[in-house]
Amino acid sequence: MKTDTLFYKIFQTFPQLVFQLLDRDVVPGYAFTSVEVKEKGFRFDGIFAPPPASSEPIYFIEVQFQFNPDFYWQFLSEIFLYLNQQKPQQNWQAAAIFPSARQDVKELASIHQELINSGRVVRIYLDEITDRVSPELGMIKLITCREDEAVAVVKEIRSSTTDEDIIRFIGDILFYKFPKLSRREIEIMFALEDLRQTKVFQEAKDEGI
């Protein structure tokens, strides 16, 4: 699955999700962007920037689904390069999001461990978020769950919301997750009759998938 694309779209549409992942109260007014810093073409998965003149922190978000031994070196290089270029007055915090601890770096450099111990860098393992429930977190669960668990997860999300944006993203996620299934097969398997109205369904129909 193209997880970077999915997470970018989800965060852009549901900025409250980052606060749910961090298990904090939602702060209104944040804008989500994907920012490229100038040197070496570094690009963040996302930056949550508070409104101008706000004292709320900036959040740097990076989603990592493949193991990368240099992940923290690269992520922190992006952050400090951004801070050097933008010189924001706000405080900042970084969130590294992994599907599970297996994709995280096992042996950390001392500076990385210090930043994690201080709370400056927060590690989020999606498979361990079991004590919080929301439709937005349900979408994340759908991305990371096993294929044989997907039907139950979709039912769980549908029972908790009728939000059209969330229904649309369920369709997006399922098309990525089950590329070999036709749109009609997905519609039947997941009881998504209203999937016919979603943009991704119409695009798939136009392309003859």
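Residues numbered from 1 in each chain as written. Predicted model: local features only at pLDDT ≥ 70, side-chain atom pairs only at ≥ 80, totals over all residues. Heavy atoms only, no water.

Engineer: I'm lost on the packing of aromatic side chains in this one. Help?
Structural biologist: The relative placement of two aromatic rings is captured by the distance of their centres and the angle of their planes. Under the criterion given, the structure shown has 19 aromatic pairs. Between Phe11 and Phe32 the ring centres are 5.8 Å apart and the planes differ by 45°, which places this aromatic pair in the tilted class. Residue Phe11 is located in helix α1 (residues 3-13), and its partner Phe32 is located in strand β1 (residues 31-33); the two are separated by 21 residues in the primary sequence. Residues Phe11 and Phe32 agree in their burial class; the two are buried. When the ring of Tyr30 is compared with that of Tyr59, the centres are 5.8 Å apart and the planes differ by 45°; the resulting orientation is tilted. Residue Tyr30 is located in the loop between α2 (16-21) and β1, and its partner Tyr59 is located in strand β3 (residues 58-63); the two are separated by 29 residues in the primary sequence. (Phe/Tyr/Trp six-rings, centres within 6.5 Å; stacked < 30°, edge-to-face > 60°. Helix = DSSP H or I, 4+ residues; strand = E, 2+ residues; numbered from the N terminus. Buried < 20%, exposed > 50% of the residue type's maximum accessible area, 1.4 Å probe, protein only.)

Engineer: What is the right way to look at the nonpolar core in this model?
Structural biologist: Soluble, globular proteins show a tendency: their nonpolar side chains are buried together. Grouped together as the largest cluster of nonpolar side chains are 43 residues, with contacts concentrated most on Ile10, Phe11, Leu21, Leu126, Leu142, Ile170 and Leu174. Breaking this core down by element, the ones donating at least two residues are α1, α2, β3, β4 (92-98), α5 (135-144), α6 (150-160) and α7 (164-177). Each residue touching Leu126, except ones within four places of it in the same chain, is listed here: Phe7, Leu21, Phe65, Ile97, Phe98, Pro99, Ile140 and Thr144. Listed in part, the 20 residues of the second largest apolar core include Ile58, Phe71, Ile79 and Leu115. (Core = buried A, V, L, I, M, F, W, Y, C linked by side-chain atoms within 4.5 Å. Contact = heavy atoms within 4.5 Å.)

Engineer: I keep staring at the pattern of salt bridges and nothing clicks. Help me out?
Structural biologist: Side chains carrying opposite charge are able to pair once their charged atoms draw close together. Summed over the entire model, instances satisfying the criterion amount to eight salt bridges. Note that Asp23 and Arg132 form a salt bridge whose closest N and O atoms lie 3.7 Å from each other. Taken as a pair, Asp23 in the loop between α2 and β1 and Arg132 in the loop between β5 (121-125) and α5 lie far apart in primary sequence, 109 residues in all. Accessibility expressed as a relative area gives 51% for Asp23, which makes it exposed. In this structure, Lys141 engages Glu156 in a salt bridge whose closest nitrogen and oxygen atoms are separated by 3.5 Å. Residue Lys141 is found in helix α5, and its partner Glu156 is found in helix α6; the two are separated by 15 residues along the sequence. Under the relative-accessibility criterion, Lys141 is labelled partly exposed at 40%. Under the relative-accessibility criterion, Glu156 is labelled partly exposed at 37%. (Salt bridge = Lys/Arg side-chain N within 4 Å of Asp/Glu carboxyl O.)

Engineer: So what exactly am I meant to see when it comes to the sheet that holds strand β2 (residues 46-49) here?
Structural biologist: Hydrogen bonds along the backbone pair up the strands of a sheet, which may run parallel or antiparallel. The strand order across the open sheet built from five strands is β1-β2-β3-β4-β5, with neighbouring strands paired in mixed fashion. Each having just a single partner strand, β1 and β5 make up the two edges of the open sheet. The sheet shows a mean angle of 20° between the axes of neighbouring strands, direction not considered. In this sheet, β3 lies alongside β2 in antiparallel orientation, the contact comprising three bridges. Residue pairing for β3: Gly46 is matched across the bridge by Ile61. Packed on one face of the sheet, helix α3 (residues 71-86) meets β2, β3, β4 and β5 and runs near 150° to β4. (Pairing = 2+ DSSP bridges. Axes fitted to C-alpha atoms, helices over the stretch in contact; angles between N-to-C directions.)

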